[in-house]
Amino acid sequence: MCLLCACLLMHILVPNLFSYQKHNRKVTAFDIIMWLPLLVVVALVLLYRWNRQRQKLQNLTEKYVLITGCDSGFGNLAAKQLDARGLQVLAACLTEKGAGDLKKETSSRLQTVILDVTDSQRVTVVAEWVANTVGKKGLWGLVNNAGFGFALAPNEWQAKEDFIMALNVNLLGMINVTLHLLPLLRQTRGRIVNVSSALGRLSSAGGGYCISKFAVEAFSDSLRRELDFFGIKVSIIEPGAFVTSMTDIEKHKENLRRLWEALPTEIKQSYGDLYYQQYIQSMERLMGSASTRLQEVTDCMEHALTAIHPWTRYSPGLDSKLFFIPLSYLPTVISDYVVRLSSPKPQ
């Protein structure tokens, strides 16, 4: 709505400003007053949207929320943040250590459970545990946050097995958890929050990560339309680069080195050593630009779970808002050119 009003305003004002210049006419107070009603309408729309988005649900202390991937990063901070807001947080961690450390920093309300989202048998067990825990209250929210990010590398350098890990964690694990918990979410007409990525809108690197995040977008879109009939809202979060365990540059370098050393001589010669070094440098720039403001992401999670009118998409991070998402809307020839400017080039 805001974008529509802004476009309408530009469509009306810009031609007239050119007309004024063409006829050597100065903009007068009368001209400003003439456009004042439209400016007031735009301001009122912005005010309405701001007021609408700030409206929060009541009785948050009675609502159960399951978050996956709570050992560190977004999931860990979200669990602490929502626990502080009084929600009944069910934090799924990959390790016992992660679960134990989280319990030390949160209230007695928060409960932890061990979950590897790629383990179907374990997903079934955890779904039963959630059902027994929430009882007749049902599950209000599911935050699919667990992810695997060490899957950024040229496609030709990889085998099928290299793609599988990212797809299993970021996509198939998410789908499996969601399907198991849908009956509990339908019971409350609750919320699903799926963590995608800005790279799920603009594929700027090879490997399974971007593929998995594009698929998360597709799954979330179809799910949102299907579940709207049941009153369940689905939100997608598309963060830019943030400092988490997945921006550990040494692990990314280790993965690139493993792939490079395993390549046949012919492929190595085609790309050249300089390409390999440039790729590492581009990864260093990307990880080095990561923001430390993780709460930008967890605030989006909180809003999606607690606002009366949640957004369909959230894009935390300046790189997401100002680069990745806008560039994804431009014609392919432009987005390709911009992405290639900073891409490694074969010798």
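This text goes with the structure placed above it.
Here's what I pulled together on the structure shown here. (Residues numbered from 1 in each chain as written. Predicted model: local features only at pLDDT ≥ 70, side-chain atom pairs only at ≥ 80, totals over all residues. Heavy atoms only, no water.)

Considerations on the packing of aromatic side chains
Part 1 of the argument: Summed over the entire model, instances satisfying the criterion amount to 11 aromatic pairs.
Part 2 of the argument: Summarising the aromatic geometry, the rings of Trp-260 and Tyr-276 are spaced 5.0 Å apart at their centres and angled 5° between planes, so their arrangement reads as stacked. Taken together, the residues span a long stretch of sequence, with Trp-260 in helix α8 (residues 249-261) and Tyr-276 in helix α10 (residues 273-288) at a distance of 16 residues.
Part 3 of the argument: An aromatic cluster is built from Trp-157, Trp-260, Tyr-271, Tyr-275, Tyr-276 and Tyr-279, whose rings are joined through pairwise contacts.
Part 4 of the argument: Directly above the aromatic system of Trp-140 lies the positively charged group of Lys-63, at a separation of 4.2 Å from the ring centroid. (Phe/Tyr/Trp six-rings, centres within 6.5 Å; stacked < 30°, edge-to-face > 60°. Helix = DSSP H or I, 4+ residues; strand = E, 2+ residues; numbered from the N terminus. Lys NZ or Arg CZ within 6 Å of the ring centre and 35° of its normal.)

Points about the packing of helix α5 (residues 120-134) against helix α6 (residues 160-188)
Part 1 of the argument: Their axes nearest at 10 Å, the elements α5 and α6 cross at an angle of 25°. Relative to α6, the element α5 is oriented roughly parallel. Between α5 and α6 lies a crossing of right-handed hand. Of the residues in α6, those touching α5 at Ser-120, Val-123, Thr-124, Ala-127, Val-130, Ala-131 and Val-134 are Asn-176, Val-177, His-180, Leu-181 and Leu-184.
Part 2 of the argument: For the contact of α5 with α6, a count of residues per class yields 8 nonpolar, 4 polar and no charged. (Axes fitted to C-alpha atoms, helices over the stretch in contact; angles between N-to-C directions. Parallel < 35°, antiparallel > 145°, perpendicular 65-115°, else oblique. Left-handed = near helix turned anticlockwise from the far one by under 90°. Contact = heavy atoms within 4.5 Å. Nonpolar A, V, L, I, M, F, W, Y, C, P; charged D, E, K, R; others polar.)

A word on the pairing of strand β6 (residues 233-237)
Part 1 of the argument: Across the 5 residues that make up β6, a large majority, 4, are buried.
Part 2 of the argument: Bridging between strand β5 (residues 191-195) and β6 involves 5 bridges; their strand directions are parallel. The residue bridging Val-195 from the neighbouring strand is Ile-237, located in β6.
Part 3 of the argument: Handedness of the crossover is the feature at issue here: the chain leaves β5, passes through helix α7 (residues 208-227), returns alongside β6, and the resulting connection is right-handed.
Part 4 of the argument: Pairing analysis gives 2 bridges linking β6 to strand β7 (residues 313-314), with the strands arranged parallel. By the bridge assignment for β7, Ile-237 is matched with Tyr-314. (Buried < 20%, exposed > 50% of the residue type's maximum accessible area, 1.4 Å probe, protein only. Pairing = 2+ DSSP bridges. Right-handed = clockwise from strand over helix to strand, strands pointing away.)

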